[in-house]
Structures are given as C-alpha cells and as structure tokens.
Amino acid sequence: MSRPQPLVDATPAWRLLKGQVVVAIVLTLLVMLSGVHSGMSAGIGAGIAVAGSAYFAVQAFRHAGAASARQIVKSFYKGAAGKFALTVLLFAAAFGMVPNLQAGWVLTGFFLVQLVAWLSPLRDALRDRS
C-alpha cells in the first residue's frame, strides 16, 4: 500500500536553504579577500538570512498530510512571523555587540543570500518547464 502524499513538499525549501548556505560561504570567503572585518560583516549578514530561512523551513514543514491542513497553515504563519522576529533580533544583536561591523557589508551579505530565496521559485519553474 502506498503512503499518502503530503499536502506540502519540503524538498524545494531544503534545496533553497542549501543554496543559501553555499552562497553565504562563497560570499564570505570572497569578501574576506578585501579584509577580515569586511568578510566577517558580510558573513554575519548572510548568516542572518540563512538563520531566518532555516527557522521558517523548520516551522513551516513540521506537519504533513490532509489531516493536518489547519496545522500546516498555522505553521506557515508561525514560521513567517518567527523569521521576521529572528531577523530583527539578529540584526540588533549584530549591530549592538559586534565591534568593527561594516553595515554596508552586513546588508550586502543579507540581501545577496535573500536574493537566492527570491530567485529560487523562478529557477524551479524553469526547471519544471524543460
């Protein structure tokens, strides 16, 4: 007997998270060539984006199956709200506690890793077309 299909497929979310981690590492290493503080700042910004995405993925995909449709919706809302709160708290902690933080590189790291999340659905749609 086959298993019922889940209402939501977490595979794209985990693929996205892996892509964000790769971009965060590569970006940090590349920016590190221009200076330790720059690389650390870009890495912190990238890490904030990855942490928010990871929190959302864990929360949003905790439940599967038709019997848990209401829980799935609640989990997505909880994941989105938690991602926002975690992102705000991590930015506040970084700017408040890390000396020599370069705001431009923090924001660049964050937005470049976040860009992966924005472009991932487009990449998946193009992949599905072919």
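See above for the structure.
Residues numbered from 1 in each chain as written. Predicted model: local features only at pLDDT ≥ 70, side-chain atom pairs only at ≥ 80, totals over all residues. Heavy atoms only, no water.

1. Quick look at a nonpolar patch on the surface
Among the surface-exposed residues, Leu107, Phe111, Leu112, Leu115, Trp118, Leu119, Leu122 and Leu126 lie close enough to one another that they form a single nonpolar patch of about 760 Å² accessible area. Along the chain, Leu107 turns up in helix H4 (residues 103-129). (Patch = residues over 30% accessible without salt bridge, like charges linked within 9 Å, V, L, I, M, F, W, Y side chains within 5 Å. Areas by Shrake-Rupley, 256 points an atom, 1.4 Å probe, with all protein chains shown as cover. Salt bridge = Lys/Arg side-chain N within 4 Å of Asp/Glu carboxyl O. Helix = DSSP H or I, 4+ residues; strand = E, 2+ residues; numbered from the N terminus.)

2. So, the packing of helix H2 (residues 36-60) against helix H3 (residues 69-97)
Across the interface, H2 lies against H3 with an axial gap of 8 Å and an inter-helix angle of 160°. With respect to each other, H2 and H3 are oriented roughly antiparallel. For the crossing formed where H2 meets H3, the hand is right-handed. Residues Ile44, Ile48, Ala51, Gly52, Ser53, Tyr55, Phe56, Gln59 and Ala60 of H2 form the contact with H3, whose participating residues are Ser75, Phe76, Lys78, Gly79, Ala80, Gly82, Lys83, Leu86, Thr87, Leu90, Phe91 and Ala94. Partitioned by chemical class, the residues of the contact of H2 with H3 number 12 nonpolar, 7 polar and 2 charged. (Axes fitted to C-alpha atoms, helices over the stretch in contact; angles between N-to-C directions. Parallel < 35°, antiparallel > 145°, perpendicular 65-115°, else oblique. Left-handed = near helix turned anticlockwise from the far one by under 90°. Contact = heavy atoms within 4.5 Å. Nonpolar A, V, L, I, M, F, W, Y, C, P; charged D, E, K, R; others polar.)

3. A short note on the packing of helix H1 (residues 11-32) against H4
Running from amino to carboxyl end, H1 crosses H4 at an angle of 140°, the nearest separation of the two axes being 9 Å. Pair H1 / H4 crosses with right-handed handedness. Listed contacts from H4 to Pro12, Arg15, Leu16, Gly19, Gln20, Val23, Ala24, Leu27 and Val31 of H1 are Trp105, Gly109, Leu112, Val113, Gln114, Val116, Ala117, Ser120, Arg123, Asp124 and Arg127. Here the contact of H1 with H4 is composed, by residue class, of 11 nonpolar, 5 polar and 4 charged.

4. Overview of the nonpolar core
The tendency in soluble globular proteins is for nonpolar side chains to be buried as a group. If you look at the biggest cluster of nonpolar residues, it comprises 12 residues: Leu17, Ala24, Ala46, Ile48, Ala49, Val50, Phe91, Ala94, Leu101, Val106, Phe110 and Val113. Broken down by secondary-structure element, the contributors of at least two residues to this core are H1, H2, H3 and H4. Among the elements that take part in this core, H2 stands out by supplying 4 residues, more than any other. Aside from chain neighbours lying at most four places away, what touches Leu101 is Ser41, Ile44, Ala94, Phe95 and Val106. (Core = buried A, V, L, I, M, F, W, Y, C linked by side-chain atoms within 4.5 Å. Buried < 20%, exposed > 50% of the residue type's maximum accessible area, 1.4 Å probe, protein only.)

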